[in-house]
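# Descriptive structure summary
Each chain, written out:
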Amino acid sequence: MTEAAASDQSLEGRVAWASPSNIALIKYWGKHGVQLPRNPSVSLTLSQCATTTEIIYKPSAGDLSFDFEFEGRPHPAFEARVGTYLSAMTAEIPMLDRLHLSIRSSNSFPHSSGIASSASAFSALALCLCSIDHAINHNLSEDQTYRRKASRLARLGSGSAARSIYAHAALWGKSGTIEGSSDDYAVAVGQDIDKVFTTYRDAILIVDQGAKSTSSSAGHQLMNEHPYANERYNQARLHMSQIMEAMRTGDLKRFVELVEIEAMQLHAMMMCSRPYYLLLSPNSIKIINLIREFRKSTQIPVCFTIDAGPNIHLLYPADDQAPVQVFIKDVLVPYCQAGMWIDDFVGLGPQQQE
Ligand code: DP6
């Protein structure tokens, strides 16, 4: 059916998705053009940290209009970002211009955790918009077409959101070594990895729940004039090929080494940008050192990674859950703010909601 042929009745309905956050192993840091990455990034898709978004749509009186609630209340800051995003989306889905959207969104993780997940939020929203597009235009029946469009639209909201669309693991960014890879959208790589990674666990250790002093957007911006930017992008490309090989063969030793060097390079970039800044806190460093000591003394292949903040993600195989959780509770929790940590794991990706 063409858009013009869609009756007013077909312009009414409800869609809902729950979409998880993801944790980058190879970091996206630096962008150009319209949300295009400077280097490919690779992530594990999480389960417990998710955003559920519901949209009830109906014909609008004029152009696109919307109302928005986050966890049952108005949230002016999120609403403004959603408004800017939706205006851009009318170029992608012209039918939106004829709709009013009532958007209700909530996160599964506590407000107080300080985890602001633009990845889960924008992937859930993009999936809802694709469902509306498909309900009206019947244009996205094929799963790959649907997911690629959702990933591309999610990317336009927040780069890392492009990777949340797939089960287990995703890669975003053009790479000569990964067939089908693109700067426009992420692709699934879960089918290419050893099964140990499909049940990997991620303990998110909340070191500081406060707002970040420098946002990710500002950090990406600083890469444009960064003295080491090109070398960083080369390193990320190299690490991407190496980690894909390590994940394909189940080489945990290599995986641990690459994941940690990526986290440290990300923060090293922040520490030598102009102006420089530092997001790690003393407890982040304490936890990093304790993780390294635990690995050395037990030979359990735990490793850490860090996003653009002070919180530490402790990654480990599901088979090692019992001793690692004792270590977390007895040794690491005292360094977490209010003892807070989130027991997350690799999952199946976004789920459509009834
Ligand atoms: C450090 O996706 O938050 O988490 O595209 O500006 O929304 P925008 O940036 P964002 O950057 C994430 C950076 C990172 C690394 C990563 O997830 O790859």
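What you see is a predicted model, and the numbers here were worked out from it, not measured in a lab.

On to the nonpolar core, then. Judged by nonpolar contacts, the single largest core of 39 residues is most densely connected at Ile55, Tyr85, Leu99, Leu101, Ile103, Leu129 and Ile132. Every element with two or more residues in this core is listed here: strand S1 (13–26), strand S4 (41–59), strand S5 (65–70), helix H1 (76–89), strand S6 (99–107), helix H2 (118–137), helix H3 (143–157) and strand S7 (169–172). Top element by residues in this core is H2. It accounts for 9 residues. Ile132 has contacts with Val15, Ile55, Tyr57, Leu99 and Leu101, leaving out every residue within four places of it along the chain. By size, the runner-up hydrophobic cluster in this structure holds 34 residues, among which are Leu44, Val189, Tyr200 and Ile204.

On domain assignment, one finds that the chain holds domain 1 (3–195) and domain 2 (200–345). For domain 1 and domain 2, the distance between their C-alpha centres works out to 25 Å. Taken together, the contact pairs 33 residues of domain 1 with 43 residues of domain 2. Between domain 1 and domain 2 we count 1 salt bridge in total. Lys27 is the partner of Asp307 in a salt bridge, and the nearest nitrogen-oxygen pair spans 3.0 Å. Elements represented by at least two residues in the side of domain 1 that touches domain 2 include exactly S1 and S4. In terms of residue class, the side of domain 1 that touches domain 2 is made up of 18 nonpolar, 10 polar and 5 charged.

On to the environment of Asp344. Mapping Asp344 onto the fold places it in strand S12 (residues 341–345). Accessibility expressed as a relative area gives 0% for Asp344, which makes it buried. Between the C-alpha atom of Asp344 and that of Arg201, which follows or precedes it by 143 residues, the distance is 6.0 Å. The contacts of Asp344, once residues within four sequence positions are left out, are Leu46, Ser47, Gln48, Cys49, Arg201, Asp202 and Ile204. Of the polar contacts made by the side chain of Asp344, one reaches the backbone nitrogen of Gln48; its length is 2.6 Å.

Conventions we followed
- Residues numbered from 1 in each chain as written.
- Predicted model: local features only at pLDDT ≥ 70, side-chain atom pairs only at ≥ 80, totals over all residues.
- Heavy atoms only, no water.
- Core = buried A, V, L, I, M, F, W, Y, C linked by side-chain atoms within 4.5 Å.
- Buried < 20%, exposed > 50% of the residue type's maximum accessible area, 1.4 Å probe, protein only.
- Helix = DSSP H or I, 4+ residues; strand = E, 2+ residues; numbered from the N terminus.
- Contact = heavy atoms within 4.5 Å.
- Domains from an automatic or database assignment.
- Salt bridge = Lys/Arg side-chain N within 4 Å of Asp/Glu carboxyl O.
- Nonpolar A, V, L, I, M, F, W, Y, C, P; charged D, E, K, R; others polar.
- Polar contact = N/O pair within 3.5 Å; in protein donor to acceptor, adjacent residues only side chain to side chain.

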